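Structural description and commentary
Here's the letter readout for the chains.
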Amino acid sequence: MNQFRRIAVLGLGTMGSGIAQVFAASGRDVVAVETDKSRAEAGRSAIAAFLDAGVARGKVSVAAQQDTLARITTSTSLSDLADVDLVVESVTENLAAKRELLAVVADVVGAATPIVTNTSALSVTALAAAVPNPGRVAGLHFFNPAPVMRTVEVVRAMHTDQDLVDRLVALVNDLDGKQPVVVKDRPGFLINALLLPYLNDVIQEYDDGLATAEDIDLALKLGLGYKSGPLELLDMVGLDVHLHATENAYAATSDDRYAPPPLLRQMVAAGQLGTKNGKGFRTGEKDIT
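Presented here is a report on the structure given in the accompanying data block. (Residues numbered from 1 in each chain as written. Predicted model: local features only at pLDDT ≥ 70, side-chain atom pairs only at ≥ 80, totals over all residues. Heavy atoms only, no water.)

1. Thoughts on the packing of aromatic side chains
Counting across every chain of the model gives three aromatic pairs. For the ring pair Tyr206 and Phe281, a centre distance of 5.7 Å and an interplane angle of 85° mean the geometry is edge-to-face. Taken together, the residues Tyr206 in helix 7 (residues 191-207) and Phe281 in the segment after helix 11 (262-269) connect sequence positions 75 residues apart. (Phe/Tyr/Trp six-rings, centres within 6.5 Å; stacked < 30°, edge-to-face > 60°. Helix = DSSP H or I, 4+ residues; strand = E, 2+ residues; numbered from the N terminus.)

2. As for the sheet that holds strand 3 (residues 72-75)
Taken in spatial order, the eight strands make up an open sheet running 3-2-1-4-5-6-7-8, and their pairing is mixed. Unpaired on one side and paired on the other, strand 3 and strand 8 (179-184) mark the two borders of the sheet. Mean inter-strand twist for the sheet, computed between neighbouring axes without regard to direction, equals 25°. In this sheet, strand 8 lies alongside strand 7 (residues 151-156) in parallel orientation, the contact comprising six bridges. Paired with Arg156 across the two strands is Lys184, which belongs to strand 8. Against the sheet, helix 1 (residues 14-25) contacts strand 1 (6-10), strand 2 (29-33), strand 3, strand 4 (86-89) and strand 6 (137-141), and its axis sits at roughly 170° relative to strand 1. (Pairing = 2+ DSSP bridges. Axes fitted to C-alpha atoms, helices over the stretch in contact; angles between N-to-C directions. Contact = heavy atoms within 4.5 Å.)

Printed below as a string of structure tokens:
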């Protein structure tokens, strides 16, 4: 079975850089494409920094670090995708932008090359409809940070060929420490479909004064055995990222469970985004009460 030896990653942001690192660490060659040289260099620097931290903690050997970086080639031209075995799209969470990009990529790689998306909230079926032979399109949803989080959702869209699902499951099983879960194409897939309403509920209960942020996190960590509290998790993910995901899920379903709580909108509007800028529920001082 083809294990996809040469993989393209479109986008080297937080998720794309992590995904590129995972594939390169598994011994595969990676072509990472960005819109310009500075963004490509920033993505590669993020990968190098993550590996440096792994070396410092004794989790990654210097040889593995060097080998992983050596397998990643950056580019600003889609023409460099002509000989890849698999395309993994990880650009901005905008349906129109993704559809436009995938249509161009499909012409470059040909009709048989599988194309997968790392979207966390958009319809994989709608993305697949933008390319010829939509049976070769699926979701391959990693979680942040991709090198650390073990679960990878293999998303079967309405068009997706079963053979591609099987090949993607085999691919994920071949990645160090990763576990595939096959899910159907629905807003939020499996994990976020459950996680988004839970986090929304926590935000609302905090806003209602149920308990302090610290006590909410402590109670849920100890009471449910979670590794991190929900408000800590929101800070790490980014409040703007959570807002965007809930807005997309709510727009797709009209399900009130996904409706963003007012406090979430206020905090994002105030520029309180969590760990990324030092202000959130548990990061720094929150100004909105």
